[in-house]
Amino acid sequence: MSDNDTTTDARTRRSYLKYGGAVISGGLLAGCTGDADSQSTPESTGSDASTVTATPDATTTPTAADSYTVSMEPMGEVQFDSAPEGWMAYFSTYGDMAIALGQLEGLAGLLFTENWPMAFFDAIPNVDVTFDDIPQLMREGSLGKEAFYEIDADVHLFDPNFVRVLDDTWSDADFTEVRTNIGPIIGNSIRRRNDDWHDYRYYSLYEAFDRIADVFQERERYAAFADLHDSLLTKINNGLPPEGERPTVGLLSINSDFEGGSFYAYPVHDGNGHKQYRDLGMRGAFDDVIDGSYAEWDYEQLLDVDPDILLFQYGFSHVSTEVFEDRMTTMREDPLGQQLAAVQNDRLYRGGTSYQGPIINLFQTEAAAKQFYPEAFGEWHGLGTTSDAEQLFDRQRVADIINGEI
């Protein structure tokens, strides 16, 4: 549908897939979080806006016997007459979920096509994930509503309140227009759990994935991924060394200023963005010395803590192997940087994105397990170098689930 189509035409074409909402309690969207842990740059941006409130629309209540609803905050009860085909998503959390559920062919657009850890998907046999022809809706700090009409998705997988953190020009009326004229909105920002604007329920990765599986009516694929995830965690739990024998790990951002010697440092938080670290019983070196979601430190402050390992978040998603190594070389050559234990012991590692769905999480958990505990899970030699015997989960099984060979 183009932006010249009339509202009436849009309603007619969307009559098979409509939204029914429930009112949610509000609060104010606090706006800028001041966090360095963002998708494209270290800084998170935003401004004040009201929390989106979803209200029932009697004119769009479906009556078909095979309709179904999916409940997820903040949008409440979202009603479908049939499983959606075309879809769009904010970024790699919900996009990953849809791909895992076998919906890659229906991908119509992404708010961001950049900064996905594509090497993870490249490692899955017989699954070709590429965004070459996929529209990126978020450009130059703003999000045009016309783009939603152009991609004409059956469902929009994002938390509208987080979209408004990214672009505060969006209003309740804008989101109502999208869900009424184009297709439902469903999603919850689950990356971390300390954002002031997020005053409604959070979900774990698999709680959110469970609901997106209901959206697409893909219960069997969801159950297969849940089994694979549980098997990996069982293997991890059986192999973890005693807590006192685990190394300390300092989380830094690969988007830091290496030339200037200024680094974004993070404690391990409770959201989905650091799920793999909690599952691995990681000893976060900065947990007790950072008050808040991040800090900006120089080399002297890093040396005061001096973790056994330095792990650079977004190392798989935001930089190439070559760029990563160039930045590590800068740290190794700095007079203060070379004094760090992690530098001296060659324990500088690429870390994962905090926008992870079920596929990305499997890879990021395996990578971190090998980086932190090589004696238990095998040495980490880099992505793509792990033999079948050394893998902690079966790549072919992932491919089979995605391809419906369950």
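This text gives an overview of the structure that appears in the document. None of the values given here were measured: they were computed from a predicted structure.

### As for the overall build of the chain
A count of helices and strands for the chain gives 15 helices and 16 strands. Taking all 406 residues of the chain together, the buried fraction comes to 58%. Taking contacts inside the chain between residues at least 6 apart in sequence as the whole, the part at least 24 apart equals 73%. Of the roughly 16000 Å² that the chain leaves accessible, carbon and sulfur atoms contribute 42%.

### As for the environment of Ile 309
One can find Ile 309 in strand β15 (residues 309–313). According to the relative accessible area criterion, Ile 309 is buried, its value standing at 0%. Along the backbone, Ile 309 and Leu 348 are 39 residues apart, and their C-alpha atoms lie at a distance of 6.2 Å. Apart from the residues within four sequence positions on either side, Ile 309 is in contact with Pro 247, Thr 248, Val 249, Gly 250, Ala 342, Arg 347, Tyr 349, Gln 371 and Phe 372.

### Remarks on the nonpolar core
Counting residues in hydrophobic clusters, the biggest one holds 123 residues, and the most contacted among them are Leu 111, Phe 148, Leu 157, Phe 225, Phe 312, Met 331 and Phe 372. If sequence neighbours within four positions are ignored, Leu 111 has contacts with Met 88, Ala 89, Tyr 90, Gln 136, Leu 137, Met 138, Leu 143, Phe 148 and Val 163.

### Considering the side chain of His 198
Looking at the element boundaries, His 198 is found in the loop between β10 (185–186) and α7 (205–216). According to the relative accessible area criterion, His 198 is buried, its value standing at 5%. The contacts of His 198, once residues within four sequence positions are left out, are Asp 159, Asn 188 and Ser 189.

### Structural notes on the environment of Leu 310
Checked against the element boundaries, Leu 310 lands in strand β15. For Leu 310, a relative accessible area of 1% puts it in the buried group. As for Leu 310 and Gly 351, which are separated by 41 residues in sequence, their C-alpha atoms are 9.2 Å apart. Dropping the residues within four chain positions of it, Leu 310 is found in contact with Gly 250, Leu 252, Phe 286, Met 331, Leu 340, Ala 342, Arg 347, Leu 348 and Tyr 349.

### Describing the pattern of salt bridges
According to the stated counting rule, one finds 12 salt bridges in the structure shown. With its nearest N and O atoms 2.6 Å apart, the salt bridge here joins Arg 219 to Asp 210. Using a relative accessible area of 37% as the deciding quantity, one classes Arg 219 as partly exposed. Sharing partners across several salt bridges, the network here consists of Lys 145, Asp 174 and Glu 177.

### Notes on the packing of aromatic side chains
Going through the model one piece at a time under the given rule, you end up with 32 aromatic pairs. An angle of 80 degrees between the planes, with centres 5.9 Å apart, marks the rings of Phe 372 and Tyr 373 as edge-to-face. Residue Phe 372 is classed as buried on the basis of its relative accessible area of 2%. Ring pairs connect the aromatic residues Tyr 90, Phe 91, Phe 112, Trp 116, Phe 121, Phe 131, Phe 162, Trp 197 and Tyr 355, which therefore count as one cluster. When the ring centre of Phe 393 is taken as reference, the NZ or CZ atom of Arg 395 above it lies at 4.4 Å.

### Comments concerning empty space enclosed by the protein
Over the atoms, a rolled probe matching the size of one water molecule traces out where space is still vacant. For the coordinates displayed, the defined rule picks out three cavities of 30 Å³ or more. By volume, the largest cavity amounts to about 110 Å³. Taken together, Tyr 90, Thr 93, Tyr 94, Phe 158, Asp 159, Phe 162, Val 163, Asn 188, Ser 189, Ile 190, Arg 191 and Tyr 355 make up the lining of the largest cavity. Listed by contribution, the elements that provide at least two residues to the lining of the largest cavity are α2 (92–100) and α5 (160–166). Within the lining of the largest cavity, the residues separate by chemical class into seven nonpolar, three polar and two charged. Roughly 40 Å³ of volume is contained in the second largest cavity. Taken together, Gln 276, Tyr 277, Leu 311, Phe 316, Arg 350, Gly 351, Gly 352, Gln 364, Ala 367, Ala 368 and Gln 371 make up the lining of the second largest cavity. Of all elements in the fold, only α9 (275–279) and α13 (358–372) reach the threshold of two or more residues within the lining of the second largest cavity. Sorting elements by how many residues they give to the lining of the second largest cavity places α13 first, with four residues.

### Let's talk about the sheet that holds strand β6 (residues 107–110)
Strand order in the open sheet made by the four strands is β6-β5-β9-β10, with parallel pairing throughout. Because the sheet does not close on itself, it has two edges, and the strands there are β6 and β10. When strand β5 (residues 87–89) meets β6, the two strands line up parallel, connected through three bridges. Considered in β6, the bridge of Ala 89 is made with Leu 110. Its contacts with the sheet place α2 against β5 and β9 (155–157), and it is angled at close to 145 degrees to β5. Each of β5, β9 and β10 touches α7; the most contacted strand, β9, lies at about 170 degrees to it.

Basis of the calculations
- Counting restarts for each chain: residues are numbered from 1 in the order of the written sequence.
- For a predicted model such as this one, the threshold for reporting local features is a pLDDT of at least 70, and the threshold for listing and counting side-chain atom pairs is 80 or more; totals across whole chains, interfaces and linings nevertheless cover every residue.
- To obtain the side-chain values, all non-hydrogen atoms of the structure were included, while hydrogens and water were left out.
- Every helix listed is a DSSP run of H or I at least four residues long, and every strand listed is a run of E at least two residues long, numbered separately from the N terminus.
- Only protein chains enter the area calculation, which uses a 1.4 Å probe; residues under 20% of their type maximum are buried, those over 50% are exposed, and those in between are partly exposed.
- Here a residue-residue contact requires only that any non-hydrogen atoms of the pair lie within 4.5 Å.
- The protein chains shown are the only cover counted for residues, whose accessible areas, like all others here, come from Shrake-Rupley with a 1.4 Å probe.
- As used in this record, nonpolar core signifies buried Ala, Val, Leu, Ile, Met, Phe, Trp, Tyr and Cys residues forming a set joined through side-chain atoms within 4.5 Å.
- Salt-bridge detection follows one rule: a side-chain nitrogen of Lys or Arg within 4 Å of a carboxyl oxygen of Asp or Glu.
- Note on aromatic contacts: the rings of Phe and Tyr and the six-membered ring of Trp form a pair at centre separations within 6.5 Å, being stacked when their planes are under 30 degrees apart, edge-to-face when over 60 apart, and tilted otherwise.
- Counting as a charge over the ring demands two things of the Lys NZ or Arg CZ atom: a distance within 6 Å of the ring centre and an angle within 35 degrees of the ring normal.
- A 1.4 Å probe that fits but cannot get out identifies a cavity on a 1 Å grid over protein atoms alone, an open set with protein on both sides within 12 Å along at least five of seven lines counts as a pocket, and a residue lines either if it has an atom within 4 Å of a point.
- Grid points are joined across faces, edges and corners, and a volume is the space filled by probe spheres set on the points.
- Amino acids are sorted into nonpolar (Ala, Val, Leu, Ile, Met, Phe, Trp, Tyr, Cys and Pro), charged (Asp, Glu, Lys and Arg) and polar (every other residue, Gly among them).
- Paired strands, as defined in this entry, are two strands with at least two bridges between them according to DSSP.
- Every axis in this analysis is a line fitted to C-alpha atoms, fitted for helices over the stretch in contact. Angles between the N-to-C directions lie between 0 and 180 degrees.

Geometric values such as these leave the question of function open.
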